[in-house]
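Observations on chain architecture
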Amino acid sequence: MISKILDIFLLTLVLFISPCFAQDKCFVTGFPAGETTIHIEQKCYNPCNSKITFLNLHDNEKTSVRAAEEYLLQNGGTIIRIYNRGQRNVSFKLKNKVYTFDPNRIYSEDGRRSTIKFLSNRINEDAENEVAYLANEILNNYVDSSKIIIALHNNTDSNLSVLSYQREQETKINWGKVFINPFMDPDEFILTTDSVIFNGIKEKNINAVWENVDSIRDDGSLSIYAARNKIPYLNVEAQHEHLDEQCAMLTAVQEIIKEYGKEKGETKGDELPD
Ligand SMILES: [Zn+2]
């Protein structure tokens, strides 16, 4: 029995540490959530600019990580990932009950409450506090000191696209703006909360969404937190397995990433984009 436990322990150790060997600076940190430990990896590519932060919150969105790693090998920067056995939503145990949340809906109190309630069919204050602790650790350790955040996401065909944002734009006044390149797949787009970045993406003729955070409900998304805290934010979104397209979008916006990455790190575009 003891040897079996030891085997599992060693296997876990190898699984968590092995992705780190390839890079010079790599850390895996465990954060407690109830009786569960959530592992987050920070991997730095040369030149190691830890202020240009690529962030993968959904562990099932692997294509976006591969695209970012190709970009980072060429350009340097840091990638942060939640290890979650390839799952989108994170679960933890607290007093013999399991709670689940979407790690991109936890950066406000309302957001946390509704994602836990929706995905766990239960809610209590202690569970909310556990998730609040994790959210604050993610923000304090990886987000707040970043000069620019590049969030990495993948979607399935047609569940989320530049067209779904366009439909929302038609029904909600001041929601935001959408730019569509009719020759691009609508599942491939970049979302930002910064109007200057939005105009820059448009100039590259890439599908773009500008979120006007002043007029949308705070659902706990990282984009809204970043905008409210004046941290420039891009979400590079492509369909699962569309690696070339996701790489091409990252390459197209590399000037924007580098420009913001070397400056003080304050969002420039608070005004309506063109
Ligand atoms: Zn995602």
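For the structure itself, consult the block above.
So, here's what we can say about the structure. (Residues numbered from 1 in each chain as written. Predicted model: local features only at pLDDT ≥ 70, side-chain atom pairs only at ≥ 80, totals over all residues. Heavy atoms only, no water.)

1. Focus: the pairing of strand β5 (residues 90-94)
Across the two faces of β5 the burial differs, with Val90, Phe92 and Leu94 buried and Ser91 and Lys93 not buried at all. Taken together, the 5 bridges between β5 and strand β6 (residues 97-101) define a ladder with antiparallel strand orientation. Paired with serine 91 across the strands is threonine 100, a residue of β6. The antiparallel pairing of β5 with β6 creates a hairpin that spans 2 residues between the two strands, and lysine 95 there sits at a positive phi of about 45°. (Buried < 20%, exposed > 50% of the residue type's maximum accessible area, 1.4 Å probe, protein only. Helix = DSSP H or I, 4+ residues; strand = E, 2+ residues; numbered from the N terminus. Pairing = 2+ DSSP bridges.)

2. Remarks on the state of the cysteines
Tallied over the full model, the rule gives 1 disulfide. Cysteine 44 shares a disulfide with cysteine 48; S-S distance 1.6 Å. In this structure the cystine formed by cysteine 44 and cysteine 48 twists about its S-S bond by roughly 110°; its chirality is therefore right-handed. Its relative accessible area of 6% is what places cysteine 44 among the buried residues. (Disulfide = S-S within 2.5 Å.)

3. Some points on helix α2 (residues 62-75)
For α2, with 14 residues, the first-to-last C-alpha span of 20 Å sits near the 20 Å given by 1.5 Å per residue. Those residues of α2 that sit buried are Thr63, Ser64, Val65, Ala67, Ala68, Glu69, Tyr71, Leu72 and Asn75. The inward-facing, buried residues of α2 contact β2 (36-45), β3 (52-56), β4 (77-83), β7 (148-155), α8 (243-252) and α9 (254-262). One or two steps after α2, the chain reaches glycine 76, where phi turns positive at roughly 80°. (Expected span 1.5 Å × (residues − 1). Contact = heavy atoms within 4.5 Å.)

In short, shape yes, function no, at least from these values alone.
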